[in-house]
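# Architecture and fold: a report
Single-letter residue listing:
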Amino acid sequence: ILSHAAAARAIGPELKGEVLAFLALMVPAGQRRYRTGADGMTHHVAFTEFDPDRQVLHEAAFDYRAYREFHHRTAKKHIIIFAVILGVTFIGFRFFFLGAYVRPLKRLLDAINRVREGNYDIAIPITVNDELGYISNNFNIMAATLQMSREALSDYAENLEKMVSERTLELEKARDTIWSEMELARKMQTILVPDHPHMEGYEVTAYMAPAEMVGGDYYDVINQGGMDWVVIGDVSGHGVPAGIIMMMV
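Below is a short write-up of the structure. (Residues numbered from 1 in each chain as written. Predicted model: local features only at pLDDT ≥ 70, side-chain atom pairs only at ≥ 80, totals over all residues. Heavy atoms only, no water.)

### Considerations on the environment of Asp234
For clarity, the cut-off: Strands here are runs of E lasting at least two residues and helices are runs of H or I lasting at least four, both read from the DSSP assignment and numbered beginning at the N terminus.
Along the chain, Asp234 turns up in strand E5 (residues 227-234). Counting along the chain gives 99 residues from Asp234 to Ile135, while the straight-line C-alpha distance between them is 80 Å.

### Observations concerning helix H5 (residues 240-248)
The test is simple: Burial classification: accessible surface area is computed with a 1.4 Å probe over protein chains only, and a residue below 20% of its type maximum counts as buried, one above 50% as exposed, and the rest as partly exposed. Think of it as the arc spanned by the lines of direction from the helix axis to the C-beta atoms. We call two residues in contact when some of their heavy atoms are within 4.5 Å.
Along H5, the positions that sit buried rather than exposed are Ala242, Gly243 and Met246. Looking straight down H5, one finds its buried side chains confined to an arc of 100°; they lie on one side. Exposed residues pointing more than 90 degrees away from the buried face of H5 are listed as Pro241 and Met248. Lining the buried residues of H5 we find strand E4 (217-224) and E5.

### Concerning the pattern of salt bridges
Convention followed: Just to be clear on terms, a salt bridge is a Lys or Arg side-chain nitrogen sitting within 4 Å of an Asp or Glu carboxyl oxygen.
What the rule picks out here adds up to one salt bridge. A salt bridge links Glu170 to Arg167; the nearest nitrogen and oxygen atoms lie 3.0 Å apart. With a gap of three residues between them, Glu170 and Arg167 both fall in helix H4 (residues 131-192), about one helical turn apart.

### Notes on the packing of aromatic side chains
The description of two aromatic rings rests on the distance between their centres and on the angle between their planes. What counts, and what does not: The pairing test for Phe, Tyr and Trp rings, Trp by its six-membered ring, is centres within 6.5 Å, and the orientation test on the planes gives stacked under 30 degrees, edge-to-face over 60, and tilted for anything in between.
Across all of its chains, the model carries one aromatic pair by this definition. Geometrically, the ring pair formed by Phe47 and Phe62 is edge-to-face, given 6.3 Å between the ring centres and 70° between the ring planes. Highlighted residues: Phe47 in strand E2 (residues 43-51) and Phe62 in strand E3 (residues 56-63), separated in sequence by 15 residues.

Don't take any of this as a statement about function, it's just geometry.
The structure is reproduced here in structure tokens:
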């Protein structure tokens, strides 16, 4: 090839075409061999191809150092490309992992801690509709339900306090009414009992203390027709029923 290139008159693309013609029979490449020059110092990498029709062995050889330098440059490029791809892959995977898993999990854990502290007014932003997005969406629904329940309980407690206050006021009014009625019944029973009972020739002393405000006891001294009548009554039991029966009698 070198001899032909040195003796050829063609230049440029034309010379390149003539040189490549020597290699046309070597596609695909034949067996690779290692050759040592006659001086024992130079080495070549040779590719051979046998043409059985013409019984000719074609061989193309390259300087071993140039061959290795070519592969070294190619391998270096491949290593650099692989390193760049590897770096981009690791960096990209890190950002992908952070965005797809770490940050959503961190937001979910922070939301759980806030709910545990009693803050139900919280919503997790959903960026991707994956498994974590599904969990976050259900967590938002749960937090909203808890918030509604707390508001409902708060309203119920407030209304319950108001209802208890109103009921207490009603009970106090009823108690006052009953107390007034009991006081009236006591007064009525007291009216029936004589204030200053007297009998000619006697000293009359009487005292009545019912077990409750109203009782079933009764006494009287009646002066009628020149005679003195002493009346004493006692109804079984005590309280309002006994007092009413006694007043009826």
